[in-house]
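# Observations on chain architecture
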Amino acid sequence: MSGRDSHSPCDAASLPAPRSRGGVLVPVIISVALCLSIFSTAAQGAPQQKVAPAAGTKEEDPSSSAPVVDPTVNAKYTIITHKSVRPAHRTDFIAMTDKTGKVFECVLPTQATADQDAEHDAKVAEEPEEPTKLPSLDSMLEPLSGRCFLRNEGYWNIELCHKKKLRQFHEEGKKTAVEYSLGEFDRAEAPTEEELKQNPKAAVLRHFYEGGTRCDETDSPRKTMVEYRCVTGKENHIQVVKETSACNYTLHFTTPLLCKHPLLAPAVQGKGVTKVMDYLSGLSGSCFYRVEGWWTYEFCYQKHFKQFHQENNANTAEFMLGLYAAENAAGDGSKDIHVDDGSKQEVAYYRQQYTRGTKCDVTGEARVTEVQFKCATDSLNVVASVKEKATCSYIVVFYTPLICNHPAFQQKQDPVRSIQCYPAPAPAGEQPLLT
């Protein structure tokens, strides 16, 4: 590329040829300072590559071609290549060539581009919309296909395999000792589009599972109705299982997937869940374990935290390290959100207290435990560590992805601005370079 270092990270020569994945490829992220200096030089050294204003239009203020940057923000640029041609309204671009010789028209993130996009969007908004067919509620749950979900209900485990089957079973020694089918998927029933428009907040999608294990009381097969509800800020999970009548079950399944439906999105917009404990409801009824040498630790959410030693499937030693304290439920939980000062970076955690444990021989007081819930988007729900910070006083770190959607746990990220590169039109008589 004339006048520029072909090895510069801001140079389109470093880009691979465009590949089709939804029409967009994001190959590289570069620093704002380096990218700005390169494009500033490019714009000054190659004015002939800029598009001249159309006849009768006002000459742009040169300052409008300055990249839209807040100097207090450590922004980065990402170069995005497209297979489609440059939109006609985006005229603030520079011609760049990749290593295969293909020419791209790269639109800069300048104030002029922002103004052009805003003007274009305003014109499009004024045009009459063509009627579009809305997706069905059932189609919004497509990401659940092939997945199964578990819920522990004391003696029983409930397993829902989406649009396949539903069962309850009891395990002993990692083997299924008892199992009943609660039905196989039969049909889905959803509110009509008109019903959704009138009352989107009451939208419930129902799946019916029929033909389960025959019931001794009714002499009929077991059956289940699964109700899917839109709930923001939570994972997909089984919330409630009820036996509404003999061998006839209802299961409530909460999911953020339904909230993305065009008719439901406005109803939930701005109505995010802010109570921390609401985000952790997926842990209800579940216990988690950690083995550290001689001891095994058991954490049952909103119930207890204990340590025990087991031999031949029998507990030979056991200490209750704390019972769930009811005062944890008071308020929205904001007073229990803290920052871990011992971390290299500021890491927020939500704190719950478990008190009234086994009496400590050393202090004469009941054992107590503080459970710290931390966000881990790439982790399962897991007890990460157990420490005795003082005699008979414990700190438990619990990683979970459930809490990551809460505003207090959103990680701050540097903004990334895009430089959009489109294949340049082929000269007259030549084929376009879109192979």
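Residues numbered from 1 in each chain as written. Predicted model: local features only at pLDDT ≥ 70, side-chain atom pairs only at ≥ 80, totals over all residues. Heavy atoms only, no water.

Bringing the pairing of strand β18 (residues 347-355) into the picture now. The pairing of strand β16 (residues 314-324) with β18 spans two bridges and is classified as antiparallel. When the bridges of β18 are listed, Leu-323 appears paired with Thr-355. As defined by bridge partners, β18 adjoins strand β19 (residues 368-375) across five bridges and the pair is classed as antiparallel. In the strand pairing of β19, Gln-353 is matched with Glu-370. (Pairing = 2+ DSSP bridges. Helix = DSSP H or I, 4+ residues; strand = E, 2+ residues; numbered from the N terminus.)

Before going further, it helps to spend a moment on the nonpolar core. One finds Leu-280, Leu-283, Phe-299, Tyr-301, Tyr-350, Phe-373 and Phe-398 to be the most contacted residues of the largest nonpolar core, which totals 26 residues. Elements that contribute at least two residues to this core include exactly α5 (276-279), β14 (295-300), β16, β18, β19, β20 (382-390) and β21 (393-400). Filtering out sequence-adjacent residues up to four positions away, Phe-299 remains in contact with Ser-286, Cys-287, Phe-288, His-304, Phe-305, Tyr-354, Val-371, Phe-373, Val-383 and Phe-398. Leu-137, Phe-149, Ala-203 and Tyr-249 belong to the second-largest nonpolar core, a separate cluster that totals 25 residues. (Core = buried A, V, L, I, M, F, W, Y, C linked by side-chain atoms within 4.5 Å. Buried < 20%, exposed > 50% of the residue type's maximum accessible area, 1.4 Å probe, protein only. Contact = heavy atoms within 4.5 Å.)

Evaluation of the coordinates by the stated rule reveals six disulfides. In this model, Cys-230 is linked to Cys-259 through a disulfide, with the two sulfur atoms separated by 2.1 Å. Across the S-S bond linking Cys-230 and Cys-259, the dihedral sits near 110 degrees, which makes this disulfide right-handed. Here Cys-259 lies in the loop between β12 (248-255) and α4 (265-268) and Cys-230 lies in strand β10 (residues 223-230), a separation of 29 residues in the sequence. (Disulfide = S-S within 2.5 Å.)

In spatial order, the strands read β5-β6-β7-β8-β9-β10-β12-β11; together these eight strands make up an open sheet with mixed pairing. Edge strands, defined here as strands with exactly one partner in the open sheet, are β5 (148-153) and β11 (237-245). With strand direction ignored, the average angle separating the axes of adjacent strands in the sheet is 25 degrees. Relative to β12, β10 runs parallel, the two being bridged by eight bridges. Bridge pairing in β12 places Glu-227 opposite His-252. (Axes fitted to C-alpha atoms, helices over the stretch in contact; angles between N-to-C directions.)

We now examine the environment of Ala-366. Mapped onto the elements of the fold, Ala-366 is located in the loop between β18 and β19. Judged by relative accessible area, Ala-366 falls into the partly exposed class, the value being 36%. Taking C-alpha positions, Ala-366 is 8.2 Å from Gly-322, a pair spaced 44 residues apart along the chain. Not counting chain neighbours up to four residues away, the residues in contact with Ala-366 comprise Arg-356, Gly-357, Thr-358 and Lys-359.

Turning to its location among the elements, Phe-288 is positioned in strand β13 (residues 287-292). Expressed as a C-alpha distance, the spacing of Phe-288 and Cys-300, which sit twelve residues apart in the sequence, is 6.3 Å.

This brings us to the packing of aromatic side chains. In total, this model carries 17 aromatic pairs according to the counting rule given. Measuring from ring centre to ring centre gives 5.0 Å for Phe-149 and Phe-253, while their planes differ by 75 degrees; the resulting arrangement is edge-to-face. Within this pair, whereas Phe-149 is found in strand β5, its partner Phe-253 is found in strand β12, the two being separated by 104 residues in sequence. On the basis of relative accessible area, Phe-149 is assigned to the buried category, the value being 7%. A residue is classified by how much of its surface remains accessible, and Phe-253, at 1% relative accessible area, is buried. Arranged with centres 5.6 Å apart and planes meeting at 65 degrees, the rings of Tyr-324 and Tyr-354 form a pair that is edge-to-face. Taken as a pair, Tyr-324 in strand β16 and Tyr-354 in strand β18 lie far apart in primary sequence, 30 residues in all. Given the relative accessible area of 15%, Tyr-324 is considered buried. Here a set of aromatic residues connected by ring pairs shows up, and it is made of Phe-288, Tyr-297, Phe-299, Tyr-301, Phe-305, Tyr-324, Tyr-350, Tyr-354, Phe-373 and Phe-398. (Phe/Tyr/Trp six-rings, centres within 6.5 Å; stacked < 30°, edge-to-face > 60°.)

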